[in-house]
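Below are the chains, spelled out letter by letter.
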Amino acid sequence: MAVRVLRGLANLRTLAGLADRQPQSYKAYLRVSFLELERTRHRQEIATTQRRLAFLVARCRAIDAEKGEILAASGLTPPSTQSPAARPTGRPGPSAKRGFHLAY
């Protein structure tokens, strides 16, 4: 009588691990291509953001100029704070006062 050896799932031979052992040039090429596409997309986002920022800074300067004209025409003096558009960092300084008050 022959003894039958029982084999389980762990004894099955597959080719699953063989593909990972060999270097696949197309995977590397695809990865490099994806990285190039991502870099191009980020460059476009940076250019768009820089254009938007330049527009906002120009608009802040136009607002400051118009505000100065209105205050000069009405005889009021503008506050001594500097505009965020004129400051290199764009943030208010520690001694900056917010706005001005008119007495009626």
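Coordinates for the structure precede this section.
Everything numeric here is computed off the predicted structure, so don't read it as measured data.

Rules behind the numbers
- Residues numbered from 1 in each chain as written.
- Predicted model: local features only at pLDDT ≥ 70, side-chain atom pairs only at ≥ 80, totals over all residues.
- Heavy atoms only, no water.
- Salt bridge = Lys/Arg side-chain N within 4 Å of Asp/Glu carboxyl O.
- Helix = DSSP H or I, 4+ residues; strand = E, 2+ residues; numbered from the N terminus.
- Buried < 20%, exposed > 50% of the residue type's maximum accessible area, 1.4 Å probe, protein only.

Peer 1: Explain the pattern of salt bridges to me, and be specific about the residues and the numbers.
Peer 2: Overall, the coordinates contain two salt bridges when judged by the stated rule. Ionic pairing is found between Glu-36 and Arg-39, a salt bridge with its closest N-O pair at 2.7 Å. Taken together, the residues Glu-36 and Arg-39, both in helix α2 (residues 25–74) and three residues apart, mark about one turn of the helix. Between Glu-45 and Arg-41 there is a salt bridge whose closest N-O contact spans 3.9 Å. Of this pair, Glu-45 and Arg-41 both sit in helix α2, four residues apart, roughly one helical turn. Assessed through its relative accessible area of 41%, Glu-45 is described here as partly exposed. According to the relative accessible area criterion, Arg-41 is partly exposed, its value standing at 42%.

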